[in-house]
Amino acid sequence: MSLASSSAPHEGAQPSRRRRGARRAVTRTEELRLQIADDIVRGRLAPGTALEEVDIAKRYGVSRTPVREAIRDLAASGLVEARPHRSALVAQPSLDRLRGMFDVMAELEALCAGLSAVSMTPTERAHLQAIHAELADLTRRGDQGGYTVLNERFHTTLYAGAHNDYLSELTLATRARLQPFRRAQFRNLGRLALSYLEHDRVVSAILRGDKAEAAAAMRAHINTVEVAYERYAESV
């Protein structure tokens, strides 16, 4: 199967951060990785499709350098099968591997949420509340795109709020690998409202300074994200 038979890509970008509390511009490689990943998760690029660098560069309007880097990153997620001296192939991570990745993600995020409950400064707590309030507005308006972008900020705010740089690095790296699967959850009907309610439990526990409850609420949230992705995957 060639890339030429696939439909046009859609826009997608992930906000990230360079230092605690700051946002940085998304690189072309990151944007390309998200676009290719979304096309794979949506089924636009079927398993077994050869990812020729020249074809991908033309399809997404980029040079071959970001293509090479994006394919390398996608291979780490299990979405792409890298082959020495040959074009990479679209793959599909096994359900067992995905579940294992989500299990690790749930524990890392739970640890971040728990530490945030006892480590966040008043300014950081106010920032978290502001993001949460904005997510409520996006939920009411059914703005899936806006919610997806701000959801990234919500979670990275908690990573920073843990005040543990090493934990933040591990969590961000794991999140990057799972990102295409986490984003897919919002295509399920009613998922925005449920996600917001799950966030609300996390935020409430953090504002109370309840470390155990914040961790438990976040762990439950990530476990629900995993289930939501599996439901989406069964529908496509």
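This write-up is about the structure you can find in this document. (Residues numbered from 1 in each chain as written. Predicted model: local features only at pLDDT ≥ 70, side-chain atom pairs only at ≥ 80, totals over all residues. Heavy atoms only, no water.)

The subject of this paragraph is the overall build of the chain. Secondary structure assignment for the chain yields nine helices and three strands. Reading the secondary structure of the chain in the N-to-C direction produces α-β-α-α-β-β-α-α-α-α-α-α. Considering only intrachain contacts with a sequence separation of at least 6, the fraction spanning at least 24 residues in the chain is 73%. Taken as a whole, the chain presents about 10,900 Å² of accessible surface, with 52% of it coming from carbon and sulfur. (Helix = DSSP H or I, 4+ residues; strand = E, 2+ residues; numbered from the N terminus. Contact = heavy atoms within 4.5 Å. Areas by Shrake-Rupley, 256 points an atom, 1.4 Å probe, with all protein chains shown as cover.)

Turning next to the environment of R33. Locating R33 in the fold gives a position in helix α1 (residues 28-41). You can call R33 buried: its relative accessible area is 7%. The spacing of R33 and R72 is 39 residues in sequence and 9.4 Å in space, taken between C-alpha atoms. (Buried < 20%, exposed > 50% of the residue type's maximum accessible area, 1.4 Å probe, protein only.)

Further remarks concern helix α5 (residues 122-141). In this model, α5 (20 residues) spans 29 Å end to end at C-alpha, consistent with the 28 Å of a helix rising 1.5 Å per residue. Looking at α5, one finds that the buried residues are E124, R125, L128, I131, H132, L135, A136, L138 and T139. For α5, the arc enclosing every buried residue in end-on projection is 165°, short of the 170-degree limit, so these residues lie on one face. Exposed residues lying more than 90 degrees from the buried face of α5 are P122, T123, R140 and R141. For α5, the elements touching its buried residues are α4 (95-119), α6 (144-161) and α8 (191-208). In the stretch just after α5, G142 is the one whose phi turns positive, near 65°. (Expected span 1.5 Å × (residues − 1). Arc of directions from axis to C-beta.)

Let's shift gears to the pairing of strand β2 (residues 80-83). When β2 meets strand β3 (residues 86-90), the two strands line up antiparallel, connected through three bridges. Bridged to E81 within β3 is L89. (Pairing = 2+ DSSP bridges.)

Viewed as axis vectors pointing N to C, α1 and helix α2 (residues 53-60) meet at an angle of 100°, and their least axial separation amounts to 12 Å. Considering the angle they form, α1 stands roughly perpendicular to α2. When α1 is examined against α2, the residues R28, L32, Q35, I36 and D39 are found in contact with a partner set consisting of I56, R59 and Y60. Taken together, the residues of the contact of α1 with α2 sort by class into four nonpolar, one polar and three charged. (Axes fitted to C-alpha atoms, helices over the stretch in contact; angles between N-to-C directions. Parallel < 35°, antiparallel > 145°, perpendicular 65-115°, else oblique. Nonpolar A, V, L, I, M, F, W, Y, C, P; charged D, E, K, R; others polar.)

This part covers the packing of α4 against α6. With their axes 7 Å apart at the nearest point, α4 and α6 run at an angle of 65° to one another. Judged by the sense of rotation from one axis to the other, the crossing of α4 with α6 is left-handed. Listed contacts from α6 to M105, E109, C112, L115, S116 and S119 of α4 are H155, L158, Y159 and G161. Looking at the contact of α4 with α6, its residues break down into five nonpolar, four polar and one charged. (Left-handed = near helix turned anticlockwise from the far one by under 90°.)

Within the element layout of this structure, E30 appears in helix α1. Within the structure, E30 has its side chain in polar contact with the backbone nitrogen of T27 (distance 2.9 Å). (Polar contact = N/O pair within 3.5 Å; in protein donor to acceptor, adjacent residues only side chain to side chain.)

Moving on: the sheet that holds strand β1 (residues 50-51). On the basis of which strands lie adjacent, the open sheet formed by three strands has the order β1-β3-β2 and antiparallel pairing. Edge positions in the open sheet fall to β1 and β2, since each of these has one partner strand only.

A few words now on the environment of R42. With respect to the helices and strands, R42 occurs in the loop between α1 and β1. Its relative accessible area of 32% is what places R42 among the partly exposed residues. Residues R42 and P180, 138 residues apart in the sequence, show an inter-C-alpha distance of 9.7 Å.

Another aspect to go through is unusual backbone geometry. Despite not being glycine, H85 has its phi angle at roughly 60°, a positive value. Tracing the backbone through its elements, the reader meets H85 in the loop between β2 and β3. With phi around 55°, H163 is a residue other than glycine that occupies positive phi space. In this fold, H163 is placed in the loop between α6 and α7 (165-184). According to the relative accessible area criterion, H163 is partly exposed, its value standing at 34%.

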